[in-house]
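The primary structure of each chain is shown beneath.
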Amino acid sequence: AVSNEEIADAAAANPDVLIPFASIDPAKGRAGARTFRRLVQERGMRGIKFHPSLQDFAPNDSSAYPLLEVAQELGVPALFHTGQTGIGAGLPGGGGIRLSLSNPMLLDDVAVDFPDLTIIMAHPSFPWQDEALAVATHKPGVYIDLSGWSPKYFPPQLVRYANTLLQDKVLFGSDYPLITPDRWLADFAKLDIKDHVRPKILKENAVRALRLGA
């Protein structure tokens, strides 16, 4: 595994292309929150990533709340894996991985409890795409990233919302090395997205969500 410190160092050495996010097990509680605060304030981390199914916690069960308190206070986003994961697929019992922990509806509670926190739901949230769209349209601080899927496989309702109600809340993402940015962008170019919406999805929305404008 690559440590948070190694990621911070790599990003500091390549600030033109890398924006570092930390990963901390919610089970570490207040100690984990202190570590995260230090990583943001001293090492330049710009957000935190969670994978509820792999880390075996429900986003709304309060175990991650010490970490989220720090993220909200310091103004950095929390990125949550949502939807099914290929990890554990086909193993007995799915390798013990519970898909239900990555239902985006659980993040609605997080958005209520942390109204000033920027929450990014990673991936088209199969099989809960409609739930993700509902949360993102209802809660101002919730965004959706498009990583993990080629745009040619996006559910039609995701494309419809990205073109209209959520045009300011949907973010580019590939899922390198599983999907390269070149392949993603080539497929995105063929998608029926309005011309004025494309730059929002590819850059402008992320600048706002990650607070990069300053």
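Provided above is the structure to which this section pertains.
Residues numbered from 1 in each chain as written. Predicted model: local features only at pLDDT ≥ 70, side-chain atom pairs only at ≥ 80, totals over all residues. Heavy atoms only, no water.

Draft legend 1. Inspection of the nonpolar core at higher detail. With 47 residues, the main nonpolar core has Phe36, Phe50 and Leu68 as its most contacted residues. Of the residues forming this core, the biggest block, 5 residues, is contributed by helix H4 (residues 65-74). Residues within four places of leucine 68 in sequence aside, it is in contact with Phe50, Ala78, Phe80, Val110, Phe114 and Leu117. Judged by nonpolar contacts, the second largest core, of 8 residues, contains Phe21, Ile120, Ala209 and Leu210. (Core = buried A, V, L, I, M, F, W, Y, C linked by side-chain atoms within 4.5 Å. Buried < 20%, exposed > 50% of the residue type's maximum accessible area, 1.4 Å probe, protein only. Helix = DSSP H or I, 4+ residues; strand = E, 2+ residues; numbered from the N terminus. Contact = heavy atoms within 4.5 Å.)

Draft legend 2. Quick look at unusual backbone geometry. A cis amide bond links phenylalanine 126 to the next residue, proline 127, at an omega of 5 degrees. Its place among the elements puts proline 127 in the loop between strand S3 (119-122) and helix H6 (129-138). The omega torsion across tyrosine 176 and proline 177 is 5 degrees, close enough to zero to call that bond cis. For serine 62, which is not glycine, the phi torsion reads 80 degrees and is therefore positive. Here the phi dihedral of histidine 123 falls at roughly 80 degrees; this positive angle occurs in a residue that is not glycine. Inspection of the secondary structure puts histidine 123 in the loop between S3 and H6. The buried category is assigned to histidine 123, whose relative accessible area is 12%.

Draft legend 3. Expanded view of H6. Every buried residue of H6 is accounted for by Gln129, Ala132, Leu133, Val135 and Ala136. Along the axis of H6, the buried residues cluster in a sector spanning 165 degrees; they form a single face. Among the structural elements, helix H5 (106-113), S3, strand S4 (142-145) and helix H7 (156-163) are those in contact with the buried residues of H6. (Arc of directions from axis to C-beta.)

Draft legend 4. Highlighting the sheet that holds S3. Read from one edge to the other, the open sheet built from 5 strands follows the order S1-S2-S3-S4-S5, with strand pairing classed as parallel. Lying at the two open borders of the sheet, with one neighbouring strand each, are strand S1 (48-50) and strand S5 (170-171). As paired elements, S1 and strand S2 (residues 78-81) share 3 bridges and run parallel to each other. The partner of isoleucine 48 across the bridge, within S2, is alanine 78. (Pairing = 2+ DSSP bridges.)

Draft legend 5. Just the pattern of salt bridges, in detail. Within this structure, the stated rule accounts for 6 salt bridges. Linking arginine 43 and aspartate 9 is a salt bridge whose minimum nitrogen-to-oxygen distance equals 2.5 Å. Of this pair, arginine 43 sits in helix H2 (residues 29-43) while aspartate 9 sits in helix H1 (residues 4-13), and the two are 34 residues apart along the sequence. Assessed through its relative accessible area of 32%, arginine 43 is described here as partly exposed. Here arginine 30 makes a salt bridge to glutamate 69, at a shortest N to O gap of 3.0 Å. Of this pair, arginine 30 sits in helix H2 while glutamate 69 sits in helix H4, placing them 39 residues apart in sequence. Look at arginine 30 and you get exposed, because its relative accessible area is 52%. (Salt bridge = Lys/Arg side-chain N within 4 Å of Asp/Glu carboxyl O.)

Draft legend 6. Fine view of the packing of helix H8 (residues 181-189) against helix H9 (residues 198-209). The interhelical angle for the contact between H8 and H9, taken along N-to-C directions, is 150 degrees, at an axis separation of 11 Å. As judged from the angle between their axes, H8 and H9 are roughly antiparallel. When H8 is examined against H9, the residues Trp184, Leu185, Phe188 and Ala189 are found in contact with a partner set consisting of Arg198, Ile201 and Leu202. Looking at the contact of H8 with H9 residue by residue, the classes come out as 6 nonpolar, no polar and 1 charged. (Axes fitted to C-alpha atoms, helices over the stretch in contact; angles between N-to-C directions. Parallel < 35°, antiparallel > 145°, perpendicular 65-115°, else oblique. Nonpolar A, V, L, I, M, F, W, Y, C, P; charged D, E, K, R; others polar.)

Draft legend 7. Broad picture of the environment of lysine 194. Within the secondary structure, lysine 194 sits in the loop between H8 and H9. Excluding residues that lie within four positions of it along the chain, lysine 194 makes contacts with Asn163 and Thr164.

Draft legend 8. Looking closely at the layout of surface pockets. What the largest pocket holds in volume is close to 1300 Å³. Lining of the largest pocket is provided by 36 residues; of these, Val17, Ile19, Phe21, Leu79 and Gly173 occupy positions nearest its centre. Looking at the lining of the largest pocket, the elements with two or more residues in it are H1, S1, S3 and H9. In terms of residue count, H1 provides more of the lining of the largest pocket than any other element does, 5 residues in total. A breakdown of the residues in the lining of the largest pocket according to their chemical character gives 22 nonpolar, 8 polar and 6 charged. (1 Å grid on protein atoms, 1.4 Å probe; cavity = no way out; pocket = protein on both sides within 12 Å on 5 of 7 lines; lining within 4 Å. Points joined across faces, edges and corners; volume = space filled by probe spheres on them.)

Keep in mind that these numbers describe shape and distance, not what the molecule does.
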